[in-house]
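# Examination of the molecular architecture
Listed below are the residues making up each chain.
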Amino acid sequence: SQQGEEDPQALSIQEGENATMNCSYKTSINNLQWYRQNSGRGLVHLILIRSNEREKHSGRLRVTLDTSKKSSSLLITASRAADTASYFCAPSNDYKLSFGAGTTVTVRA
Amino acid sequence: DAGVTQSPTHLIKTRGQHVTLRCSPISGHKSVSWYQQVLGQGPQFIFQYYEKEERGRGNFPDRFSARQFPNYSSELNVNALLLGDSALYLCASSTRLLNTEAFFGQGTRLTVV
């Protein structure tokens, strides 16, 4: 299916460390997006990477996309307590976003 | 600029009742989508409207319906509520129909008792 599957389900790191999470999907896509959700409220868009792009940066975020392996990764560098949240990938080839269950990241002070 | 606004923020309903959730998109956005997020899971697509027409529907029963108004605001209606409809309902708006980032509201937390 188009739905993304994030791995790991949960991640606990020390402040200042890097956090890496992965996303896999099964069908072809036009783009893949990453979102963050704090405390079960609204989602915040982080990055959109198109199928013809391999890597994209935004501040402390780095996203890679490998369409041959149908996978993507999100790297958060120099993590902060405010990065504690759930992170979702959403592959898309049409009008809808197909979210997985997400990765819950906890940044310890 | 105001973001996506949803009302109400919380709602408690009894099984069998009907509920209407409302969403106002960001000014200038013509696309509105609705998602259901059950606790512990990712959001699941329910509907998308663009230029007041339904453009997509997810795998939800006919008890779920929606519409978009001339000012691009939207309503999600759920009839004959079941306990399993308890969830966070998220509305998202975007500028285009396809391949673009979505801006989410804070959601409506619906509890069915």
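Within every chain, residues take consecutive numbers counted from 1 along the sequence as written. Whichever chain is written first becomes A and whichever ligand is written first becomes 1, with later ones labelled in order. Whole-chain, interface and lining totals are the exception, using all residues; otherwise, since this is a predicted model, local features are given only for residues with pLDDT of at least 70 and side-chain atom pairs are given and counted only at 80 or more. To obtain the side-chain values, all non-hydrogen atoms of the structure were used and water was disregarded.

## A look at the interface of chain A and chain B
Whether two residues are in contact is decided by their heavy atoms: any pair within 4.5 Å suffices. Across the contact, 21 residues belong to chain A and 28 residues belong to chain B. Taken together, the two surfaces of chain A and chain B that pack against each other cover about 1,800 Å², and 49% of this comes from carbon and sulfur. Simply put, the buried area is the total loss of 1.4 Å probe accessible area from both parts when two parts are fitted together. For chain A, the biggest contributors to the area lost against chain B are A:Arg41, A:Leu43 and A:Tyr95; these three give 36% of the whole. Only one rule defines a salt bridge in this text: a Lys or Arg side-chain nitrogen within 4 Å of an Asp or Glu carboxyl oxygen. Summed over the shared surface of chain A and chain B, the result is 0 salt bridges. The definition of a polar contact used here is a pair of N or O atoms within 3.5 Å, where within protein one atom must be able to donate a hydrogen and the other to accept one, and adjacent residues in sequence count solely through side-chain atom pairs. Across the chain A-chain B interface, the total number found is 6 residue pairs in polar contact (both at pLDDT 80 or more). Grouping the constituent residues of the side of chain A that touches chain B by class yields 8 nonpolar, 9 polar and 4 charged. In this classification, the charged set is Asp, Glu, Lys and Arg, the nonpolar set is Ala, Val, Leu, Ile, Met, Phe, Trp, Tyr, Cys and Pro, and all remaining amino acids, among them Gly, are polar.

## Remarks on the pairing of strand S8 (residues 74-78) of chain B
Each regular strand carries side chains that alternate between the two faces of the sheet. Residue and element names in this part refer to chain B. Counting buried residues along S8, 5 of its 5 residues qualify, which places the element largely inside the surrounding structure. Only protein chains enter the accessibility calculation, which uses a 1.4 Å probe; a residue whose area is less than 20% of its type maximum is buried, one above 50% is exposed, and one in between is partly exposed. The helix and strand labels rest on DSSP assignments: H or I over at least four residues marks a helix, E over at least two residues marks a strand, and numbering proceeds from the N terminus. Here S8 shows two buried faces, one formed by Ser-74, Leu-76 and Val-78 and the other by Glu-75 and Asn-77. Here, strands pair whenever DSSP counts at least two bridges between them. Pairing geometry for strand S3 (residues 19-24) and S8, over 5 bridges, is antiparallel. Its bridge partner lying in S8, Cys-23 is registered against Ser-74. With 5 bridges joining them, strand S7 (residues 64-68) and S8 adopt antiparallel strand pairing. By the bridge assignment, Arg-67 is partnered in S8 with Glu-75. Taken together, S7 and the strand that follows it, S8, pair antiparallel across an intervening segment of 5 residues, in which Tyr-72 is found at a positive phi of about 75°.

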